Amino acid sequence: MRIVDLRSDTVTRPTPAMYKAMSTAEVGDDVFGEDPTVNRLQEMAAEMTGKEAALFVASGTMGNLVSQLSQCGRGDEIIVGDKSHIFLLEQGGSAALGGIHARTVPNMPDGTMPLAEIEAAIRTDNIHFPITRLIAIENTHNRCCGSPLPVAYMKQVGDLARRTGLKVHLDGARLFNAAVALGVRARELAADADSVNICLSKGLAAPVGSLVCGSLEFIARAKRARKVVGGGMRQAGVLAAAGIVALTEMIDRLADDHANAKRLAEGIAEVKGISLKPETVKTDIVIFDLVGIDAPTLTARVGEAGVRVLATGPRQIRAVTNYHITADDIDHAIRIFRKAMADLM
Ligand code: TLP
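Residue numbering note: each chain is counted from 1, following its sequence as written. In view of the model being predicted, local features appear only for residues whose pLDDT reaches at least 70, and side-chain atom pairs are presented and counted only at 80 or more, with totals across whole chains, interfaces and linings using the full set of residues. Side-chain calculation: all heavy atoms of the structure are included, whereas hydrogens and water are not.

Quick notes on the side chain of Thr-312
Okay, so step 1: Secondary structure counts use DSSP, requiring at least four H or I residues in a row for a helix and at least two E residues in a row for a strand, with both numbered from the N terminus. The topology assignment puts Thr-312 in strand S12 (residues 310-313).
Okay, so step 2: Burial status follows relative accessibility: with a 1.4 Å probe on protein chains alone, a residue under 20% of its type maximum counts as buried, one over 50% as exposed, and anything between as partly exposed. Look at Thr-312 and you get buried, because its relative accessible area is 17%.
Okay, so step 3: Pairs of residues are marked as contacts when any of their non-hydrogen atoms sit within 4.5 Å. Leave out the neighbours within four places in its chain, and Thr-312 touches Arg-143, Ile-317 and Arg-318.

Some thoughts on the sheet that holds strand S2 (residues 53-57)
Okay, so step 1: For two strands to pair, DSSP has to find at least two bridges joining them. Spatial strand order, S2-S8-S7-S6-S5-S3-S4: seven strands in an open sheet with mixed pairing. Strand pairing shows two members of the sheet lacking a second neighbour, S2 and strand S4 (101-105), which therefore form its edges. Geometrically, the sheet is characterised by an average inter-axis angle of 20 degrees between neighbouring strands, direction not taken into account.
Okay, so step 2: Sheet topology note: the strand S6 (residues 167-172)/strand S7 (residues 195-199) ladder contains four bridges and is parallel. Across the sheet, His-169 pairs through a bridge with Ser-195, a residue of S7.
Okay, so step 3: Lines fitted to the C-alpha atoms define the axes, with helices restricted to the stretch that makes contact. Angles between their N-to-C directions range from 0 to 180 degrees. Sheet contacts for helix H10 (residues 216-228): S2, S7 and strand S8 (210-214); angle to S2, the most-contacted strand, approximately 15 degrees.

Digging into the domain arrangement of the protein chain
Okay, so step 1: Those domain boundaries reflect an automatic or database domain assignment. Entries for the protein chain in the domain assignment read domain 1 (14-249) and domain 2 (253-344).
Okay, so step 2: Each side of the interface is counted separately: domain 1 has 17 residues, and domain 2 has 16 residues.
Okay, so step 3: Once two parts are brought into contact, the accessible area they lose, counted with a 1.4 Å probe and summed over both, makes up the buried area. Both sides of the domain 1 and domain 2 interface together cover about 1400 Å² of buried area, and 60% of this is carbon and sulfur.
Okay, so step 4: The three residues of domain 1 that bury the most area against domain 2 are Arg-143, Cys-145 and Asn-177, which together make up 37% of that side's buried surface.
Okay, so step 5: For salt bridges, the criterion is a side-chain nitrogen of Lys or Arg within 4 Å of an Asp or Glu carboxyl oxygen. Seen at the junction of domain 1 and domain 2, the total is zero salt bridges.
Okay, so step 6: Residues adjacent in sequence count toward polar contacts only when both atoms are side-chain atoms; beyond that, a polar contact is any pair of N or O atoms within 3.5 Å, and within protein one must be able to donate a hydrogen and the other to accept it. For the pair domain 1 and domain 2, the interface holds three residue pairs in polar contact (both at pLDDT 80 or more).
Okay, so step 7: Counting residues per element, the side of domain 1 that touches domain 2 draws most heavily on helix H8 (residues 175-182), which supplies four residues.

Here we look at the site of the ligand
Okay, so step 1: What surrounds the ligand is a group of 14 residues, the closest being Ser-8, Thr-61, Asn-142, Asp-171 and Arg-318.
Okay, so step 2: At 2.9 Å, a backbone N or O of Gly-60 approaches an oxygen atom of the ligand.
Okay, so step 3: Within the side chain of Lys-202, one N or O atom sits 3.0 Å away from an oxygen atom of the ligand.
Okay, so step 4: Bound to the protein, the ligand loses 82% of the 510 Å² it would expose on its own.
Okay, so step 5: Assessed atom by atom at 2 Å from the grid points, the ligand resides in the second largest pocket.
Okay, so step 6: Examining the composition of the shell around the ligand, we find that three residues originate from one element, helix H3 (residues 60-71), more than from any other.
Okay, so step 7: When residues are grouped by polarity, Ala, Val, Leu, Ile, Met, Phe, Trp, Tyr, Cys and Pro land in nonpolar, Asp, Glu, Lys and Arg in charged, and all others, Gly among them, in polar. Of the residues belonging to the shell around the ligand, the class tally is one nonpolar, seven polar and six charged. Throughout, the term near means that a residue has one or more heavy atoms lying within 4 Å of the molecule or strand in question. Only the protein chains shown count as cover for residues, and the accessible areas themselves come from Shrake-Rupley with a 1.4 Å probe. Here a cavity means grid points, on a 1 Å grid over the protein atoms only, where a 1.4 Å probe fits yet cannot get out; a pocket means an open set of points with protein on both sides within 12 Å along at least five of seven lines; lining residues are those with an atom within 4 Å of a point. Put plainly, a molecule is in a cavity or pocket when over half of its atoms are within 2 Å of the grid points there.

Thoughts on the sheet that holds strand S9 (residues 274-275)
Through backbone hydrogen bonds, the strands of a sheet pair up, either in parallel or in antiparallel fashion.
Okay, so step 1: What the four strands build is an open sheet, ordered S9-S10-S13-S12; its pairing is antiparallel. Among the strands making up the open sheet, the edge pair consists of S9 and S12.
Okay, so step 2: Looking at chain direction, S12 and strand S13 (residues 316-320) are connected through three bridges and run antiparallel. The residue of S13 that forms the bridge with Gly-313 is Gln-316.
Okay, so step 3: The sheet contacts of helix H13 (residues 295-304) involve strand S10 (285-290), S12 and S13, and relative to S12 the element is tilted by about 170 degrees.

Thoughts on H10
Okay, so step 1: Here the expected length of a helix is defined as 1.5 Å per residue gap, with one fewer gap than residues. Taking 1.5 Å of rise per residue, 13 residues should cover 18 Å, and H10 covers 19 Å from first to last C-alpha, within 8% of that figure.
Okay, so step 2: Among the residues of H10, Phe-218, Ile-219, Ala-222, Ala-225 and Arg-226 are the ones counted as buried. Buried residues of H10 fall within an arc of 115 degrees about the axis and therefore sit on the same side. For H10, the exposed residues lying more than 90 degrees away from the buried face are Leu-216, Glu-217, Arg-224 and Val-228.
Okay, so step 3: Its buried side turned inward, H10 meets helix H2 (36-49), S2, H3, S7 and S8.
Okay, so step 4: Just downstream of H10 lies Gly-230, where phi reads positive at about 80 degrees. Think of the arc as the fan of directions from the helix axis to the C-beta atoms.

So, the packing of H13 against helix H14 (residues 327-344)
Okay, so step 1: The N-to-C vectors of H13 and H14 enclose an angle of 125 degrees; their axes lie 10 Å apart at closest approach. In terms of orientation, H13 lies oblique with respect to H14. Seen from above, H13 lies across H14 with right-handed handedness. Judged by residue contacts, Thr-297, Leu-298, Arg-301 and Val-302 of H13 engage Ile-336, Phe-337, Ala-340, Met-341, Asp-343 and Leu-344 from H14.
Okay, so step 2: Here the residues of the contact of H13 with H14 are counted per class, giving seven nonpolar, one polar and two charged. Should an angle fall under 35 degrees it is taken as roughly parallel, and over 145 as roughly antiparallel, whereas 65 to 115 is taken as roughly perpendicular and any remaining angle as oblique. The handedness criterion is simple: a crossing whose near helix is rotated anticlockwise from the far helix by less than a right angle is left-handed, and one whose near helix is rotated clockwise is right-handed.

Here is the structure:
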């Protein structure tokens, strides 16, 4: 059966160039800082995000956790979006492992948090309150339909943080999708962040890995935090080699994923029972609501026909385009959705 896997951009498998690079990677013990391939990847990531240094970590979750552990102490508070990955989908790891308290501010449909609401959430000096340390921003914003947050907004958050003595963490798991969609460089989007997490294993198709980027001083602390969560890897150059290919060859083509996501959105927006505004789709993520049918039922039905998507709510579905998905796959998926809805409604 023809399979069109739209569950996530994380389902991507390594490209032939990645397999080749992995098989010939020069390696060393990275806990000693002696893996030349890891070091090269870290230098590339630092340069691309405009930071002094970078650190290779196992996953986006580890990158976000290590960044928070490096910037906050126990009992400190972070301001995060109520639809952010950090708040919803990382097991509350910063609280569980770092004693860090999360204060949520609503994410708007475009992924931003209103500046006035961020400011209102900052704690004043009062013996009853935790101390606010960090504002965490997500760009693109996964649960807000992959919205790219513009440079101007990132700067406004940075200005607010500097004025109030806070740090900014950027969960840039899909920062390159944002850069491509907005026609800017990733470093412009990262300029106002003290720490940035970028992922290689999503739209960039590397099998494993993320990088946290920031000042030399931040990276020194992040390296300790990575070690205590068990993330000190040894001959990690085997993985980093694929990451170098990801950062070199896989960024510009994200535009194809964005075009395919738009094509999918336009193709299913008119289907009865699907509520979706195609203009909200700006990167590789399509999120839509259902009317008169529940998400697990539709997900199971299209799944039987080989089209894999995720239910992200009782009546909400997410589809994510990626390296393996062609425009023809999208047209096939549209036909499967149309038929499933016609049968079920
Ligand atoms: N997101 C995954 C799942 O966890 C839901 C996905 O399929 O979208 N930040 C953001 C914005 C993310 O979307 C993700 C992964 C992460 C962090 C965590 O990355 P990993 O999965 O590498 O730990």
